[in-house]
Amino acid sequence: MEKAKTKAKRAHRGYRWEDVEVLEYKSEGSAPFRGVTRQVLFEDPHLLAQWRYFEVAPGGHTTLERHRHVHAVMVLRGRGRCLVGEEVHHLEPHDLVSVPPLTWHQFRADEDEPLGFLCLVNAERDRPQLPTAEELEALRRNPTVAAFIRT
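These numbers were taken from a predicted model, which means no experiment stands behind them.

Visitor: It is not clear to me how the side chain of His-69 should be interpreted in this structure. Could you clarify?
Guide: Along the chain, His-69 turns up in the loop between strand 5 (47-61) and strand 6 (71-77). Using a relative accessible area of 6% as the deciding quantity, one classes His-69 as buried. For His-69, the side chain forms a polar contact with the side chain of Asp-126, separated by 2.7 Å. Not counting chain neighbours up to four residues away, the residues in contact with His-69 comprise Val-99, Pro-100, Pro-101, Val-121, Asn-122, Arg-125 and Asp-126.

Visitor: Whenever I open this one, the nonpolar core confuses me. Can you help?
Guide: One recurring pattern in soluble globular proteins is that nonpolar side chains are buried together. Counting residues in hydrophobic clusters, the biggest one holds 18 residues, and the most contacted among them are Leu-91, Val-97, Phe-107, Leu-115 and Phe-117. In terms of nonpolar packing, the next biggest core, distinct from the first, is built from 8 residues, Leu-83, Val-145, Phe-148 and Ile-149 among them.

Visitor: Would you mind going over the pattern of salt bridges with me for this structure?
Guide: Any two side chains of opposite charge can pair, given that their charged atoms come close. As enumerated under the stated definition, the model contains 4 salt bridges in all. A salt bridge links Lys-26 to Glu-65, with the nearest nitrogen and oxygen atoms 2.3 Å apart. Note that Lys-26 is positioned in the loop between strand 3 (23-24) and strand 4 (34-44) and Glu-65 in the loop between strand 5 and strand 6, a separation of 39 residues in sequence. Across the pair, exposure class does not vary: Lys-26 and Glu-65 are buried alike. Ionic pairing is found between Arg-77 and Glu-55, a salt bridge with its closest N-O pair at 2.9 Å. A residue pair is termed long-range when its members are at least 10 positions apart, and Arg-77 in strand 6 and Glu-55 in strand 5 qualify at 22 residues.

What counts and what doesn't
Residues numbered from 1 in each chain as written. Predicted model: local features only at pLDDT ≥ 70, side-chain atom pairs only at ≥ 80, totals over all residues. Heavy atoms only, no water. Helix = DSSP H or I, 4+ residues; strand = E, 2+ residues; numbered from the N terminus. Buried < 20%, exposed > 50% of the residue type's maximum accessible area, 1.4 Å probe, protein only. Polar contact = N/O pair within 3.5 Å; in protein donor to acceptor, adjacent residues only side chain to side chain. Contact = heavy atoms within 4.5 Å. Core = buried A, V, L, I, M, F, W, Y, C linked by side-chain atoms within 4.5 Å. Salt bridge = Lys/Arg side-chain N within 4 Å of Asp/Glu carboxyl O.

Shown next as structure tokens:
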């Protein structure tokens, strides 16, 4: 078995890490989102997971989507809310959110500060599924969900 390389990635101000590129969340126009960046902090072939840091700008939001894989999300900075299934949860630092497989989810930052969170997922995972018009209509039947989601 190949030995994994040991490396510490020093944290910098502003929730950036040494030798970690700040990436686009998704290609512009590929799905509805606003003000989101992504950093891949850790992946290793010996551990079939990827640890990422997402940052949602004040008033921004991630894409409303679902996947076959599980997400584990821990908030590091800011405040906001998230949709998981048909429940909207308030978020603040150190909150942990579990997103089950094939569950609609979306994260939103409050208007006055960024929302930054770690996300642990499978290294090999399926592509996000966006809601069809019928699925979106069904989600919007719940007034709380309808008021929350951004598409």
